[in-house]
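Notes for the structure review
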Amino acid sequence: AEEAQEPAASSLNKTEHNMLAKRLTELESQAVDALVAQGYSRERIATQPFLNLRYEGTDSAVMTPMTSASRPPQAVGEAE
């Protein structure tokens, strides 16, 4: 197992979602490269990104898987 993480503090909206997706791809690449360097083949490596999300003003984070189907919440009054 290999873990790559970094702290971030932002609101989860469409703009930030795209930035997070890009950064998660970079972190995934780092973790996969580390496993390949240990002798594992890329074909046998699976990854699962997670976000530690919390509501503004709270101290408790909820570890939430981020899948390719994930999308940022729609803002109030924002059209599809």
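Worth saying up front: this structure is predicted, and the values here are computed from it rather than measured.

1. Notes on the overall build of the protein chain
If you tally the helices and strands in the protein chain, you get 1 helix and 2 strands. From first element to last, N terminus to C terminus, the protein chain shows the α and β order α-β-β. Counting the 80 residues in the protein chain, one finds 14% classified as buried. A total accessible area of about 6700 Å² is found for the protein chain, and carbon and sulfur atoms account for 51% of it.

2. Details of the confidence of the model for the protein chain
For the protein chain, the mean per-residue pLDDT works out to 81, and 82% of the residues sit at or above 70. Within the model, pLDDT remains below 50 along residues 73-80, and this stretch shows 5 contacts once partners closer than five positions in the same chain are excluded.

3. With respect to helix H1 (residues 14-37)
Residues spaced three or four apart along an α-helix face the same direction, because each turn holds 3.6 residues. Counted at 1.5 Å a residue, the expected span for H1 with its 24 residues is 34 Å, and the 35 Å between its end C-alpha atoms agrees. His-17, Leu-20, Leu-24, Leu-27, Ala-31, Val-32 and Leu-35 are the residues of H1 that are buried. Among the structural elements, strand E1 (50-53) are those in contact with the buried residues of H1. Two residues or fewer after H1 comes Gly-39, characterised by a positive phi angle close to 105°.

4. Focus: the environment of Leu-27
Note that Leu-27 resides in helix H1. Leu-27 sits 24 residues away from Glu-3 along the chain, and the two C-alpha atoms are 8.7 Å apart. Not counting residues within four places of it along the chain, the set of residues in contact with Leu-27 comprises Ala-4, Gln-5 and Glu-6.

Conventions adopted
- Residues numbered from 1 in each chain as written.
- Predicted model: local features only at pLDDT ≥ 70, side-chain atom pairs only at ≥ 80, totals over all residues.
- Heavy atoms only, no water.
- Helix = DSSP H or I, 4+ residues; strand = E, 2+ residues; numbered from the N terminus.
- Buried < 20%, exposed > 50% of the residue type's maximum accessible area, 1.4 Å probe, protein only.
- Areas by Shrake-Rupley, 256 points an atom, 1.4 Å probe, with all protein chains shown as cover.
- pLDDT = per-residue confidence, 0-100.
- Contact = heavy atoms within 4.5 Å.
- Expected span 1.5 Å × (residues − 1).

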